[in-house]
Amino acid sequence: MADTVRDKFSVGLTGGIGSGKSVVASMFAARGATIVDTDKIAHGMTVAGGPAMPALLAEFGPEFADASGAMDRARMRALVFSDATAKARLEAILHPLIRGAALAEAEAATGSYVIFDVPLLVESGAWRSRVARVLVVDCPEAVQIARVMARNKMPASQVQAIMAAQAPRSTRLAAADDIINNEGDLAALEPQIARLHDLYLAFSAGTITIPSQRL
Ligand code: ADP
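For the structure given in this document, a descriptive report is provided here. (Residues numbered from 1 in each chain as written. Predicted model: local features only at pLDDT ≥ 70, side-chain atom pairs only at ≥ 80, totals over all residues. Heavy atoms only, no water.)

1. Focus: the sheet that holds strand β2 (residues 34-37)
Strand-to-strand pairing in sheets goes through backbone hydrogen bonds, with the strands running parallel or antiparallel. Sheet architecture is open: five strands sit in the order β2-β3-β1-β4-β5, paired in parallel fashion. The open sheet has two edge strands with one neighbour each: β2 and β5 (178-181). Along the sheet, successive strands turn relative to each other by an average axial angle of 25°, direction set aside. Relative to β5, strand β4 (residues 133-138) runs parallel, the two being bridged by four bridges. Considered in β5, the bridge of aspartate 138 is made with asparagine 181. Where helix α1 (residues 21-30) meets the sheet, it contacts β1 (10-14), β2, β3 (114-117), β4 and β5, and its direction lies at approximately 150° from that of β1. (Pairing = 2+ DSSP bridges. Helix = DSSP H or I, 4+ residues; strand = E, 2+ residues; numbered from the N terminus. Axes fitted to C-alpha atoms, helices over the stretch in contact; angles between N-to-C directions. Contact = heavy atoms within 4.5 Å.)

Below, the structure written as structure tokens:
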């Protein structure tokens, strides 16, 4: 299983829930970048017949599969919510599988460079060391809350609980090589995406070099 991306310039795209990662990813995709969506890969791991299912059922027991053979998400969520050790056991199974599948997708990519969409990249040393550049989508917390309330029909308290389990805004910004400000409207994103796309093309063509502290 690949553990690094060879010969391809790669960016780790991250940001808190509702910051606008999906919107930003689709704008880079429209310009020819390959997007590797780790949330989507994670979901595919635990469907019926998914690659993580044998290890998960061996670790947690057959009662963690639903009638279709997929992971019983509600049951697993309830367990890991109240049990940090169980959460760590779950992640020890899932995370390497997700990374391996993501890196394999990147190896097969045909785009001009690869963007890994990784919601918890800043929280994960394993991801930070595998990308050439960290791109953070940023907006004030009040904007995140309003967007997720509208998108997911969730009360503010539930959005805040999810945000509390993610790295704080300041930690994410401190880890960033590049920042997209998504406080404004969608039109305000375009020039920022255009500038970064040019930069990433230059990195991937080798006409400028990657800062040495990230290699
Ligand atoms: P994430 O992937 O980071 O959770 P999304 O890209 O799904 O965030 O954005 C969250 C929600 O806010 C979506 O419904 C999206 O359409 C909306 N949204 C994102 N950026 C903007 C913006 N600049 N203006 C208005 N709505 C936005």
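Having seen the structure, we can now continue with the description.
2. As for the site of the ligand
Residues in close proximity to the ligand total 14 residues, the closest being Lys21, Ser22, Arg151, Asn182 and Gly184. Note that an oxygen atom of the ligand is positioned 3.4 Å from one of the backbone N or O atoms of serine 19. Calculation on the ligand without its partners gives an accessible area of 560 Å², and the protein chains cover 74% of this total. More than half of the atoms of the ligand fall within 2 Å of the grid points belonging to the largest pocket. When residues of the shell around the ligand are traced back to their parent elements, those giving at least two are α1 and α7 (141-152). When residues in the shell around the ligand are grouped by element, the largest group, three residues, is from α1. (Near = heavy atom within 4 Å. Polar contact = N/O pair within 3.5 Å; in protein donor to acceptor, adjacent residues only side chain to side chain. Areas by Shrake-Rupley, 256 points an atom, 1.4 Å probe, with all protein chains shown as cover. 1 Å grid on protein atoms, 1.4 Å probe; cavity = no way out; pocket = protein on both sides within 12 Å on 5 of 7 lines; lining within 4 Å. Sits in = over half its atoms within 2 Å of the grid points.)

3. Focus: the layout of surface pockets
As a volume, the largest pocket reaches approximately 2000 Å³. Every residue lining the largest pocket is counted, 47 residues in all, and those nearest its centre are Asp39, Pro119, Leu120, Ile162 and Gln166. When residues of the lining of the largest pocket are assigned to their parent elements, the largest contribution, seven residues, is made by helix α5 (residues 84-107). By residue class, the composition of the lining of the largest pocket is 20 nonpolar, 14 polar and 13 charged. The residue makeup of the lining of the largest pocket includes at least three contributed by each of domain 1 (1-33 + 112-215) and domain 2 (41-110). (Points joined across faces, edges and corners; volume = space filled by probe spheres on them. Nonpolar A, V, L, I, M, F, W, Y, C, P; charged D, E, K, R; others polar. Domains from an automatic or database assignment.)

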